[in-house]
Amino acid sequence: MSTFDSTKRLLPDILGDIIKGKIQLPDFQRGWIWDDEHVRSLLVSIARSFPVGAVMLLQTGGEARFQIRPVENVPFTEPLPHAELLILDGQQRLTTLTQVLSLKDPVRTRNEKGKAIERYYYFHIPTALEGAERLDDALRPIERDRKLKTNFGRDVQLDLSTRKLECCQLYFPCSQILNSDNWEESLQEFAPDQFGQYMKFRKEVLTIFRNYQLPIIELKKETSKEAVCLVFEKVNTGGGPSLRIRVSHRELRGGRLQLTGRLVRQHPSECLFPL
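Residues numbered from 1 in each chain as written. Predicted model: local features only at pLDDT ≥ 70, side-chain atom pairs only at ≥ 80, totals over all residues. Heavy atoms only, no water.

By the secondary structure assignment, Gln99 is in helix H3 (residues 91-102). On a C-alpha basis, the gap between Gln99 and Val71 in space is 9.3 Å, while along the polypeptide they are 28 residues apart. For Gln99, the residues in contact, after removing those within four places along its chain, are Trp32, Glu72, Asn73, Asp105, Val107 and Arg108. (Helix = DSSP H or I, 4+ residues; strand = E, 2+ residues; numbered from the N terminus. Contact = heavy atoms within 4.5 Å.)

See the structure below:
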């Protein structure tokens, strides 16, 4: 009997389940670490309809039980919603897309030097309409105050601090990609003559995000604890840092699997279950 199903799901549906808490993380997963370059690369890849890899999820309710936590920066009050699925592979991608497309707050990421930064992401509509090869230039990260500054912060090169400024300069916020109703109403109010150009952008770019399908590998809840650990180790071992999972005989026999992990250099042949 197969221990998994393979399917595809619309990106908005997956992100919606993350926001509702139906999809969460097992607590042994490391935190979100992607920098600004990775964020922009992922967004442009989806805008160009490129594949960005499969996501692996585990059904909850089986014998492999874990402490869980929400995807980073998704706000919940206690108690947490019941999770139906846990992310085993694809956390960095799903966290990135959740923060950029589904949350109103700026994305808490890092620059190329590893310094913590907060950014909003915008598409410049006229540049995006010049063709797919220009989407990388069209995507603009903007600081928390929604201003692009030069000369060591003394000169404001671009000001998007109000919805009117966004509309008049045709900078579309990525947080509106999945539902742009409010932005469209503002565009009709502040720059109605630009609506035709926006509608072309909506058809050529926004529709791609809204119809984008992610390949999903879903492990069934009947999957054994040993198999879950083995699968997680396999997908997280690629010659770089990976999570070593230590499991004792007692933990395997008990009603709850306790995982303690740390990022280490692990040889692929290293025993998964040092006892």
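Attention now moves to the pairing of strand E7 (residues 116-124). Of all 9 residues making up E7, 7 are buried, and the element is well covered by its neighbours. As defined by bridge partners, strand E6 (residues 107-110) adjoins E7 across 4 bridges and the pair is classed as antiparallel. Considered in E7, the bridge of Thr109 is made with Ile117. Between E6 and E7, which pair antiparallel and follow one another directly, the connecting turn spans 5 residues, one of which, Gly114, has a positive phi of 85°. In this sheet, strand E8 (residues 139-143) lies alongside E7 in antiparallel orientation, the contact comprising 5 bridges. Across the sheet, the residue bridging to Tyr122 is Arg140, located in E8. Pairing geometry for E7 and strand E11 (residues 171-173), over 3 bridges, is antiparallel. What sits directly across from His124, in E11, is Tyr171. (Buried < 20%, exposed > 50% of the residue type's maximum accessible area, 1.4 Å probe, protein only. Pairing = 2+ DSSP bridges.)

Positioned with a positive phi, Arg146 is a non-glycine residue whose angle comes to about 65°. Along the chain, Arg146 falls in the loop between E8 and strand E9 (147-150). For Arg146, a relative accessible area of 21% translates into the label partly exposed. Its identity is not glycine, yet Phe152 carries a phi of approximately 60°, on the positive side. Position of Phe152 among the secondary structure elements: in the loop between E9 and strand E10 (155-159).

Moving on, we get to the pattern of salt bridges. If you walk through the whole model with that rule in mind, you get 11 salt bridges. One salt bridge in this structure joins Arg134 and Glu130, with 2.7 Å as the shortest N-O distance. With a relative accessible area of 47%, Glu130 lands in the partly exposed category. Overlapping salt bridges, with partners in common, bring together Glu130, Arg134 and Asp137 in one network. (Salt bridge = Lys/Arg side-chain N within 4 Å of Asp/Glu carboxyl O.)

What follows is about the sheet that holds strand E3 (residues 55-59). Spatial strand order, E1-E12-E3-E5-E2-E4: 6 strands in an open sheet with mixed pairing. In this open sheet, the two edge strands, each paired with only one partner strand, are strand E1 (4-10) and strand E4 (68-69). Strand direction decides the pairing type here: E1 and strand E12 (residues 213-219), joined by 7 bridges, are antiparallel. Looking at E12, one finds that Thr7 is bridged to Ile216.

Another aspect to go through is the packing of aromatic side chains. Counted according to the given criterion, the structure contains 9 aromatic pairs. With a centroid separation of 5.7 Å and an interplanar angle of 55°, the aromatic rings of Phe195 and Tyr198 are classed as tilted. One end of the pair, Phe195, and the other, Tyr198, are both in helix H8 (residues 195-211), 3 residues apart, so they sit about a helical turn from each other. Comparing Phe195 with Tyr198 shows no difference in burial state: the two are buried. Joined through ring pairs, the aromatic side chains of Phe123, Phe172, Trp183, Phe195, Tyr198, Phe201 and Phe209 make up one cluster. Over the face of the ring belonging to Tyr120 we find Arg146, whose NZ or CZ atom lies 3.6 Å from the ring centre. (Phe/Tyr/Trp six-rings, centres within 6.5 Å; stacked < 30°, edge-to-face > 60°. Lys NZ or Arg CZ within 6 Å of the ring centre and 35° of its normal.)

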